[in-house]
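# Summary of structural features
Given next are the chains, with one letter for each unit.
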Amino acid sequence: MPGKNEKKLSKLKDFWVEFFADRKDGGHRSSDEEFISLEAKEKLFHLDGGKTLLDFGCGAGELLVYYAPEYKQLVGVDFSASMLDEASKKIRERKCGNISLIQADDKTVWDKLEYSFDRITAAGVIQYLTLQEIDNFIFNASNYLNKGGKIVLFDILDPRLYPLWKIGLFSQDAGFGKILRKVGFEFKVILSASLSNRPRDILGFAHNPYAIKKIANRYGFETIFVKSMYYEYKYHAIISRTSESREF
Ligand SMILES: C[S@@+](CC[C@H](N)C(=O)[O-])C[C@H]1O[C@@H](n2cnc3c(N)ncnc32)[C@H](O)[C@@H]1O
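You'll find the chain entered in an unreviewed UniProt entry as Methyltransferase domain-containing protein, with Methanosarcina barkeri str. Wiesmoor given as the organism.

### Comments concerning unusual backbone geometry
Where the residue is not glycine, phi is negative for most of them; where a peptide bond is considered, it is trans in most cases. Of note in the backbone geometry, D48 takes a positive phi value of approximately 55° without being a glycine. When you line up the elements, D48 lands in the loop between α2 (33-47) and β1 (52-56). By relative accessible area, which is 48% here, D48 ends up partly exposed. Residues other than glycine seldom take positive phi values, yet K95 does so here, at roughly 50°. Among the secondary structure elements, K95 is positioned in the loop between α4 (81-93) and β3 (99-103). Taking relative accessible area as the criterion, K95 reaches 72% and is therefore assigned exposed.

### Quick word on the packing of aromatic side chains
Following the criterion strictly, the structure yields 19 aromatic pairs and no others. Judged by centre distance (6.4 Å) and plane angle (80°), the ring pair of F35 and Y231 falls under edge-to-face. Taken together, the residues F35 in helix α2 and Y231 in the loop between β6 (221-227) and β7 (234-241) connect sequence positions 196 residues apart. A relative accessible area of 4% means that Y231 is categorised as buried. With a centroid separation of 5.0 Å and 50° between ring planes, the pair formed by F56 and F137 is classed as tilted. Of this pair, F56 sits in strand β1 while F137 sits in helix α5 (residues 131-143); the two residues are 81 residues apart in sequence, bridging distant segments of the chain. There is no split in this pair, since F56 and F137 are both buried. Above the plane of the ring of F19 lies R23, whose end atom (NZ or CZ) is 4.0 Å from the centre. The ring centre of Y66 lies 4.9 Å from the NZ or CZ of R94, which sits over that ring.

### A short note on the UniProt feature "domain: Methyltransferase" (unreviewed entry) in the chain
According to UniProt, the feature "domain: Methyltransferase" (unreviewed entry) maps to residues 54-149 in the numbering used here. For residues 54-149, the helix share is 31%, the strand share is 27%, and the end-to-end C-alpha distance is 11 Å.

### Thoughts on the pattern of salt bridges
The final tally for this structure, using the stated rule, is 13 salt bridges. With a shortest N-O distance of 3.3 Å, K150 and D48 are connected by a salt bridge. With K150 in strand β5 (residues 145-157) and D48 in the loop between α2 and β1, this residue pair connects regions lying 102 residues apart in the sequence. The exposure class assigned to K150 is buried, which follows from its relative accessible area of 16%. The salt bridge partner of K89 is E86, with a shortest N-O separation of 3.0 Å. With K89 and E86 both in helix α4, this residue pair falls three residues apart, about one helical turn. Each of K13, D106, K107 and E133 takes part in one network of salt bridges that share partners.

### Quick look at α4
The terminal C-alpha atoms of α4 lie 18 Å apart, and with 13 residues this matches the ideal 18 Å at 1.5 Å per residue to within 8%. Of all the positions in α4, only S82, M83, L84, E86, A87, K90 and I91 are classed as buried. Summarising the contacts, the buried residues of α4 are in contact with α1 (4-20), α3 (64-67), β2 (73-78) and β3.

### Remarks on the sheet that holds β7
Taking strand neighbours across the sheet as the criterion, the seven strands line up as β3-β2-β1-β4-β5-β7-β6 in an open arrangement whose pairing is mixed. On the outer flanks of this sheet lie β3 and β6, each paired with one strand and no other. Recorded for the sheet is a direction-independent mean angle of 20° between the axes of neighbouring strands. Across five bridges, β1 lies against β2 in parallel orientation. Pairing of L53 across the sheet is with L74, part of β2. Along the sheet, α4 makes contact with β2 and β3, crossing β3 at roughly 170°.

### Points about a nonpolar patch on the surface
On the surface, L164, L169 and F170 cluster together into a nonpolar patch covering about 230 Å² of accessible area. Relative to the helices and strands, L169 is located in the loop between α6 (162-166) and α7 (176-195).

### Quick word on the domain arrangement of the chain
Each assigned domain of the chain is listed here: domain 1 (4-158 + 206-241) and domain 2 (160-204). The straight-line distance from the C-alpha centre of domain 1 to that of domain 2 is 26 Å. Listed by partner, the interface residues are 16 residues for domain 1 and 13 residues for domain 2. Counting the surface lost from both domain 1 and domain 2, the interface buries some 1400 Å², and carbon and sulfur atoms represent 64% of this. Applying the counting rule to domain 1 against domain 2 returns one salt bridge.

Conventions and cut-offs
Residues numbered from 1 in each chain as written. Predicted model: local features only at pLDDT ≥ 70, side-chain atom pairs only at ≥ 80, totals over all residues. Heavy atoms only, no water. Helix = DSSP H or I, 4+ residues; strand = E, 2+ residues; numbered from the N terminus. Buried < 20%, exposed > 50% of the residue type's maximum accessible area, 1.4 Å probe, protein only. Phe/Tyr/Trp six-rings, centres within 6.5 Å; stacked < 30°, edge-to-face > 60°. Lys NZ or Arg CZ within 6 Å of the ring centre and 35° of its normal. UniProt positions renumbered as here; feature names shortened; annotations may be inferred. Salt bridge = Lys/Arg side-chain N within 4 Å of Asp/Glu carboxyl O. Expected span 1.5 Å × (residues − 1). Contact = heavy atoms within 4.5 Å. Pairing = 2+ DSSP bridges. Axes fitted to C-alpha atoms, helices over the stretch in contact; angles between N-to-C directions. Patch = residues over 30% accessible without salt bridge, like charges linked within 9 Å, V, L, I, M, F, W, Y side chains within 5 Å. Areas by Shrake-Rupley, 256 points an atom, 1.4 Å probe, with all protein chains shown as cover. Domains from an automatic or database assignment. Buried area = accessible area lost by both parts, 1.4 Å probe.

See below:
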């Protein structure tokens, strides 16, 4: 019989599955093509080459279609059928014949893959996984990563900055009264979420970079952290084999 913790985790996963069940975009700061293309350029810079790419949690394929011209073969994975429908439309419109899509989650995806990849990436997804799930994700990804490959996790919520951003500290018109009202509002949201057993934030969990680094280290990777260029409260983790493990 599943324990209390397992039940809680499965309830949480159900919440996110339902949350994304009818979504049609990745919730970027702006849905303007110009903005998305700049975001994609930043990400391509950090992906830094490779020929094959797995985009986990590809959503509506907003970034994936920009990655397509730079790669030989790409696979987009998402558990949301509505997101994948949107991604299919975009792929057809842009004639990206090198992208295939798979409906799966962080547990089921691995058995559905037919080959391994030079780059395994996820943008704005890691916040929907617990640290234990991130651990499993990195472990499984390491088995599907080609030699010299990288796991690049984009736009992770930074727990040191996100709460400050949420209470409006970074906004141009930040003032004491306004901040105080936002703190009160956030407090109410947290209280009602914990009373109804929902996640505190629809943006998911903020994960400390050192926790990610510790997990990556355990599987023989080194991690470089980079500040997100377009979201002041997010960071990217670029995970690659350490020079010691590269020798094997
Ligand atoms: C914020 S959206 C980002 C989409 C896309 N990466 C982008 O940047 O446009 C997060 C996506 O991750 C997917 N997702 C979240 N948790 C997932 C999981 N455990 N397995 C598969 N997909 C997941 C959601 O369905 C959603 O499409």
